[in-house]
2 protein chains.
Amino acid sequence: MNEVIQVIRQHRSIRKFKDSPLTGEQIEAIVDAAQMAPTSAHMQPFSIIGVTEQELRKKIAVHSNNPSIEKCGYFFIFCTDLHRMMLAAGPDQQEKMARNLSYSYFYQTAVLSAALALQNANVAAESMGLGAVIIGGINEALPALDEWLGLPDFVIPLAGLAVGVPDELPEQKPRLPQSAVFFENRYEDDLDLKAKVEEYDRGIEEYYASRTNNKQKVSWSGKFIAMLDKDMPLSGYTEYVKSKGFDLK
Amino acid sequence: MNEVIQVIRQHRSIRKFKDSPLTGEQIEAIVDAAQMAPTSAHMQPFSIIGVTEQELRKKIAVHSNNPSIEKCGYFFIFCTDLHRMMLAAGPDQQEKMARNLSYSYFYQTAVLSAALALQNANVAAESMGLGAVIIGGINEALPALDEWLGLPDFVIPLAGLAVGVPDELPEQKPRLPQSAVFFENRYEDDLDLKAKVEEYDRGIEEYYASRTNNKQKVSWSGKFIAMLDKDMPLSGYTEYVKSKGFDLK
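Cut-offs and rules
Residues numbered from 1 in each chain as written. Chains lettered and ligands numbered in written order. Predicted model: local features only at pLDDT ≥ 70, side-chain atom pairs only at ≥ 80, totals over all residues. Heavy atoms only, no water. Helix = DSSP H or I, 4+ residues; strand = E, 2+ residues; numbered from the N terminus. Buried < 20%, exposed > 50% of the residue type's maximum accessible area, 1.4 Å probe, protein only. Contact = heavy atoms within 4.5 Å. Areas by Shrake-Rupley, 256 points an atom, 1.4 Å probe, with all protein chains shown as cover. Lys, Arg positive; Asp, Glu negative; His and termini not counted. Charge placed at Lys NZ, Arg CZ, Asp CG, Glu CD. Pairing = 2+ DSSP bridges. Axes fitted to C-alpha atoms, helices over the stretch in contact; angles between N-to-C directions. Salt bridge = Lys/Arg side-chain N within 4 Å of Asp/Glu carboxyl O. Buried area = accessible area lost by both parts, 1.4 Å probe. Parallel < 35°, antiparallel > 145°, perpendicular 65-115°, else oblique. Arc of directions from axis to C-beta. Core = buried A, V, L, I, M, F, W, Y, C linked by side-chain atoms within 4.5 Å. Least-squares fit on C-alpha atoms with pLDDT ≥ 70 in both. Phe/Tyr/Trp six-rings, centres within 6.5 Å; stacked < 30°, edge-to-face > 60°. Domains from an automatic or database assignment. Polar contact = N/O pair within 3.5 Å; in protein donor to acceptor, adjacent residues only side chain to side chain.

## Regarding the overall build of chain A
Right, on to step 1. Scanning chain A from terminus to terminus reveals nine helices and five strands.
Right, on to step 2. What you see in chain A, going N to C, is helices and strands ordered as α-α-β-α-β-α-α-β-α-β-β-α-α-α.
Right, on to step 3. For chain A, the spread of C-alpha atoms along the principal axes amounts to about 60 × 45 × 40 Å.
Right, on to step 4. When burial is assessed residue by residue, chain A has 58% of its 249 residues classed as buried.
Right, on to step 5. Summarising the internal contacts of chain A: among those between residues at least 6 apart in sequence, 77% fall at separations of at least 24.
Right, on to step 6. Of the roughly 10100 Å² that chain A leaves accessible, carbon and sulfur atoms contribute 49%.
Right, on to step 7. A gap of 3 Å separates the mean positions of the 26 positive and 33 negative side-chain charges of chain A.

Below, the structure written as C-alpha cells:
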C-alpha cells in the first residue's frame, strides 16, 4: 500500500488540537494542494478565507456551535466563487453572465469543485501529520458570515476546515460495506440493499455502544430516522443561496 | 515534500489511456479510498456505479460527448445518494423523511460529500500510477442515465471518473495565483482582485498560445466571457434535480 492510500485509510476527523499554530509553510502547502484539484473548464470556482483574527473566530465558533473553529492551529473557510471570473468583464457583460451563472447547474458545479479542492486540502494536511475536521455547520452562521467576511454575490461559504496538531486519536467509524455503496452497471435492488443496510446497522450499533467516547445506543439508519421522521422547519437555506445570485432556475 | 503532496502537485487530468483494464485490486482500492472521505453526520450520501458493460459505456460516451468514457481502463459514476438511508424506515417514515431531505441544504450536503469521496478516489488512482479525469459532462446524458442505471429518487449522477494507464502527459494548466484565491479574514477588494485576475489572464493567454496540443488564443476571463455573455437557454437541470425528489425548498 503506497503512502497516499495509507494516509487516506488512516483518516479520522480530529476535533481536539494542541495549542500550536500552523507554520506559514504548512498553510501555503495546504492552499496549494487545494488549488491543484481539477475544476470544470478550469473555472477554479472557489475561494479560501483564512480566519486569523481571534475575535472573528470566536464569533464564528459560537454561531456555528463548534468549538474546534476557535481552538485549532488554523481555520480555513472554503467558498464557492463565481464572482472572480466576472471581474474582467464590462458591466453589461457582467449582468448577462450573472443571469446565466444563476442556473442550478453552475451552483452544483461550483459546490462540487470547491469540495474537490477542500478534500485535497484535508488530505494534504493529514499527510503532514496534522489533524483536521471539515465543518459543514458554518452554515448556521449564515448570513452573518457573509457580512463578517465581506463576501460578494456568488461567493458562498460551504464548509470550514479546522487544522492543527492532533490532541486526540479517535476510533475510526466503520463505513458501509463496499457492496452497499458500489454497484456494477445497475443500482442495487431495494430488498437486497435493505438487507445490507440492516446488517451494517447492527454493526454500527455495536460500535457506538462500545466506543471509548460519546457512547450512544443507535444504529446508522436509526440516527437518520430519528433526525428526519418529524416536521422540520424550512431552514431558509434556499433563500440564502438565492440571495447570493444563484436563482437555481 | 511528502509523497502525498507530490502526487497532488503532479496532478493533470488524463483523457487518453492505454488499452489496459484496471485490476480488481485497483478498483477495490479506489472505492475504498472514496469511502474513507469524511461525510456530514456519517451520512455517507453517495453511491458509485462501475460501468463495465461495453454497450452501456458507449451509450454514455456518446450522450456525454466524451470518448474517454468508452476508452479507459475503468469507468466510475459518482452519485449523491440519500435513498439508502431511508430503506430501513417504514413507509410513513419514508414519506416524512423524503419531505425533509428534499430541502436544498441536504442536496448541497450530498453533492459536497460525494465530491469529497470522488477526489479521494481520484488521488488514490493517481497514487497508483494511474491517470484519471473527472467528467461533469455526464449530466448531458440525463435523464436517460437514470433509467440505464436504475437510479431511484435522491440518487443523482454527479460526475464520472475515467481511470486507466495514461497514454499522454499533458502540460499542467497554471492556476490562479494563491493571492487571488486565498484571503485573510476578508474577501479581497474588487479592484485589487481584478488586477490580479488580469495579470493571470495574460499568463494563461501565453500558456494557451504556446502549449503543445489544442493551442487557443484566449485568456482565462475571456473564455468565460465568451461562454456566458449570451442568451443561454435553461438547461432543464433544475427540473431534473426536482424530479429526483430534491425540491430545493
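## Regarding the sheet that holds strand β5 (residues 182–184) of chain A
Within a sheet, adjacent strands bond to each other through the backbone by hydrogen bonds, running parallel or antiparallel.
Right, on to step 1. An order of β5(A)-β1(B)-β2(B)-β4(B)-β3(B) is seen for the five strands of this open sheet, with the pairing classed as mixed. The open sheet has two edge strands, β5 of chain A together with β3 (131–135) of chain B, and neither has a second partner. Adjacent strand axes in the sheet meet at a mean angle of 25° when their direction is disregarded.
Right, on to step 2. The sheet contact formed by β3(B) and strand β4 (residues 155–164) of chain B spans five bridges and is antiparallel.

## Description of the pattern of salt bridges
Right, on to step 1. Tallied over the entire structure, the rule returns 14 salt bridges over all chains.
Right, on to step 2. Between A:Lys249 and A:Asp247 there is a salt bridge; the shortest N-O distance is 3.5 Å.

## Quick look at the interface of chain B and chain A
Right, on to step 1. Facing 117 residues of chain B, the contacting portion of chain A comprises 117 residues.
Right, on to step 2. For the pair chain B and chain A, the summed buried surface comes to about 10500 Å²; carbon and sulfur atoms form 61% of the total.
Right, on to step 3. On the chain B side of the contact with chain A, B:His42, B:Asn185 and B:Tyr187 bury the most area, a combined 8% of that side's loss.
Right, on to step 4. Counting across the chain B and chain A interface gives four salt bridges.

## A word on the packing of helix α7 (residues 190–210) of chain A against helix α8 (residues 220–228) of chain A
For any two helices packed against each other, the geometry is given by the interaxial angle and the distance between the axes.
All names here are of chain A.
Right, on to step 1. In contact at an axis separation of 6 Å, α7 and α8 are set at 90° when each is read in the N-to-C sense. Judged on the interaxial angle alone, α8 and α7 are roughly perpendicular. Contact with α7, carried on its side by Val197, Tyr200, Asp201, Ile204 and Tyr208, involves Trp220, Ser221 and Lys223 of α8 and no other residues of that element.

## Observations concerning the sheet that holds strand β4 (residues 155–164) of chain A
Right, on to step 1. The five strands are arranged β3(A)-β4(A)-β2(A)-β1(A)-β5(B) in an open sheet whose pairing can be described as mixed. The sheet is open, and its two edges are formed by β3 (131–135) of chain A together with β5 (182–184) of chain B, each paired on a single side. Taking the axes of each pair of neighbouring strands and ignoring which way they run, one obtains an average angle of 25° across the sheet.
Right, on to step 2. One ladder, built from six bridges, connects strand β1 (residues 46–51) of chain A with strand β2 (residues 74–81) of chain A; its direction is antiparallel. Looking across to β2(A), one finds that A:Phe46 is bridged to A:Thr80.

## Details of the pairing of β3(A)
Right, on to step 1. In terms of residue burial, β3(A) counts as a mostly covered element, since five of its five residues are buried.
Right, on to step 2. Alternating positions in β3(A) separate into two faces, A:Gly131, A:Val133 and A:Ile135 on one and A:Ala132 and A:Ile134 on the other, with burial throughout.

## Focus on helix α3 (residues 54–64) of chain B
All names here are of chain B.
Right, on to step 1. Buried within α3 are the following residues: Leu56, Arg57, Ile60, Ala61 and Ser64. Down the axis of α3, the buried side of the element spans an arc of 135°, and every buried residue falls inside it. In α3, the exposed positions angled more than 90 degrees off the buried face are occupied by Glu55 and Val62.
Right, on to step 2. Looking at the buried residues of α3, the elements they touch are β1 (46–51), β2 (74–81) and α6 (144–149).

## A word on helix α3 (residues 54–64) of chain A
Right, on to step 1. Where α3(A) is buried, its residues contact β1, β2 and α6 (144–149) of chain A.
Right, on to step 2. Following α3(A) by one or two positions, A:Asn65 has its phi on the positive side, about 55°.

## Quick look at the nonpolar core
Right, on to step 1. Counting residues in hydrophobic clusters, the biggest one holds 173 residues, and the most contacted among them are A:Phe76 and B:Phe76.
Right, on to step 2. Ranked by residue count, the leading element in this core is helix α5 (residues 104–127) of chain A, at 13 residues.
Right, on to step 3. Among the nonpolar cores identified, the runner-up in size contains 16 residues, and A:Ile5, A:Ile8, B:Ile5 and B:Val7 belong to it.

## Structural notes on the relation of the copies chain B and chain A
Right, on to step 1. When chain B is fitted to chain A, the best match, at an RMSD of 0.0 Å, comes from turning it 180° and sliding it 0.0 Å along the axis. In short, the pair behaves as if placed about a two-fold rotation axis. When each C-alpha of chain B is compared by its distance to the rotation axis, B:Val4 comes out closest, at 2.5 Å.
Right, on to step 2. An overlap of 100% is found between the interface residues of chain B and their copies at the interface of chain A, pointing to a shared contact surface.

## Here we look at unusual backbone geometry
Right, on to step 1. Cis geometry is adopted by the peptide bond preceding A:Pro143, which originates at A:Leu142 and carries an omega value of 0°.
Right, on to step 2. For A:Pro143, the location among the structural elements is in the loop between β3 and α6.

## Regarding the packing of aromatic side chains
Right, on to step 1. Counted according to the given criterion, the structure contains 24 aromatic pairs over all chains.
Right, on to step 2. Grouped by ring-pair contacts, the aromatic residues A:Tyr74, A:Phe76, A:Phe78 and B:Phe182 constitute a single cluster.

## A look at the environment of A:Thr238
Right, on to step 1. When you line up the elements, A:Thr238 lands in helix α9 (residues 237–243).
Right, on to step 2. With ten residues separating them in the primary sequence, A:Thr238 and A:Leu248 have C-alpha atoms 8.8 Å apart.

## Thoughts on the domain arrangement of chain A
Right, on to step 1. Assigned domains within chain A: domain 1 (3–170) and domain 2 (178–228).
Right, on to step 2. On a C-alpha basis, the centroid separation for the pair domain 1 of chain A and domain 2 of chain A is 29 Å.

## Focus: the environment of B:Asn66
Residue and element names in this part refer to chain B.
Right, on to step 1. Mapped onto the secondary structure, asparagine 66 falls in the loop between α3 and β2.
Right, on to step 2. Taking the C-alpha atoms as reference points, asparagine 66 and isoleucine 138, 72 residues apart in sequence, are found 8.4 Å from one another.
Right, on to step 3. Apart from residues lying up to four places away in sequence, asparagine 66 is in contact with Ala61 and Ile135.

## Concerning the side chain of B:His42
Right, on to step 1. In this structure, B:His42 sits in the loop between α2 (24–35) and β1.
Right, on to step 2. With relative accessibility at 4%, the residue B:His42 sits in the buried group.
Right, on to step 3. Polar contacts involving the side chain of B:His42 include one to the main-chain carbonyl oxygen of A:Pro174, which spans 2.9 Å.
Right, on to step 4. Among the polar contacts listed, one links the side chain of B:His42 to the side chain of A:Tyr200, at a separation of 3.2 Å.
Right, on to step 5. Those residues within four positions of B:His42 in sequence are excluded, and the remaining contacts are A:Lys173, A:Pro174, A:Arg175, A:Tyr200, A:Ile204, A:Tyr208, A:Trp220, A:Lys223 and A:Phe224.

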